[in-house]
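Summary of the model geometry
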Amino acid sequence: TLKGTFTLMKPSSHANYYGLVFGGSALEGAQQSYLYFVVAQDGTWLIKSRNSAATSTIGASTVNDAVKKPDATGKSTNALEVRVGTGKIDFVVNGMVVHTEPKTGALARTDGIYGIRVNHQLEVQIDGVGVSQ
C-alpha cells in the first residue's frame, strides 16, 4: 500500500490535481514511465499513466463524495492510498475505495519509484507518504 495525506492550503484558479505517483522508472529522461492517482479541488479523482511524452487515462476524471473540497477557509485534506493486490488495485480516498482496476495492461507494473505529484498553481502540505505491506 502506498499512501499519503494531502492538505490543499488554498484553492487555485481552476481544478489542478495532486496526489501519488508509483511504478516509476527512468524519471530523469525522455523515456520516463510512471502511474499516478490524483485528486482536485472540484471533488474529482483521476488515474493516468505516462510513457515518455504520452499519457493515457486509466480512470477518467470522476466526481466522488469521498474527495473533500475546500471548506470556508479554502483548505481541504484528502488521504490517498493505492492498494496493490495480486490481481487488482484499489484506489482509495479518505478510507473509501473510489475505483478498482485489474492489475493488467498499464497497471501490470506497479513496482518502481514512488512519490508525489502536484500540478501548477497549488499550495499543498504533504504528510506521511510511504509504502507498507
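Here the structure is shown first, and the text comes after it.
A brief report on the enclosed structure follows. Nothing here was measured: the structure is a model prediction, and the numbers come from that model.

1. Describing the pairing of strand β4 (residues 44-51)
For β4, a buried count of six out of eight residues is recorded, marking the element as mostly surrounded by other parts of the structure. Hairpin remark: strand β3 (residues 33-40) followed by β4, antiparallel, with three residues in the connecting loop; positive phi at Gly43, about 85°. Relative to strand β5 (residues 54-63), β4 runs antiparallel, the two being bridged by seven bridges. Counted as the bridge partner of Trp45 is Thr62 from β5.

2. Quick notes on the layout of surface pockets
The space that makes up the largest pocket amounts to roughly 270 Å³. The wall of the largest pocket is formed by 13 residues, among which Thr1, Val84, Thr110, Asp111 and Val131 lie closest to the centre. Among the secondary structure elements, those contributing two or more residues to the lining of the largest pocket are β2 (17-25) and β6 (76-84).

3. Quick notes on the packing of aromatic side chains
Tallied over the full model, the rule gives four aromatic pairs. For the pair Tyr34 and Tyr36, a centre-to-centre distance of 5.7 Å together with 45° between the ring planes defines the contact as tilted. Judged on exposure class, the residue Tyr34 and its partner Tyr36 are both buried. If you follow Arg117 out to its NZ or CZ, it ends over the ring of Tyr36, 4.1 Å from the centre.

4. So, unusual backbone geometry
Its identity as a non-glycine residue notwithstanding, Ser52 has a phi of 55°, on the positive side. Note on placement: Ser52 falls in the loop between β4 and β5. The phi dihedral of Asn94 is positive, around 50°, even though this residue is not glycine. Relative to the helices and strands, Asn94 resides in the loop between β7 (88-93) and β8 (96-102).

5. Regarding the pattern of salt bridges
This structure, assessed with the given rule, holds three salt bridges. Close ionic contact of Lys88 with Asp90 constitutes a salt bridge, the shortest N to O distance being 3.4 Å. Relative accessible area serves as the criterion here: at 43%, Lys88 is assigned to the partly exposed category.

Criteria and cut-off values
Residues numbered from 1 in each chain as written. Predicted model: local features only at pLDDT ≥ 70, side-chain atom pairs only at ≥ 80, totals over all residues. Heavy atoms only, no water. Buried < 20%, exposed > 50% of the residue type's maximum accessible area, 1.4 Å probe, protein only. Helix = DSSP H or I, 4+ residues; strand = E, 2+ residues; numbered from the N terminus. Pairing = 2+ DSSP bridges. 1 Å grid on protein atoms, 1.4 Å probe; cavity = no way out; pocket = protein on both sides within 12 Å on 5 of 7 lines; lining within 4 Å. Points joined across faces, edges and corners; volume = space filled by probe spheres on them. Phe/Tyr/Trp six-rings, centres within 6.5 Å; stacked < 30°, edge-to-face > 60°. Lys NZ or Arg CZ within 6 Å of the ring centre and 35° of its normal. Salt bridge = Lys/Arg side-chain N within 4 Å of Asp/Glu carboxyl O.

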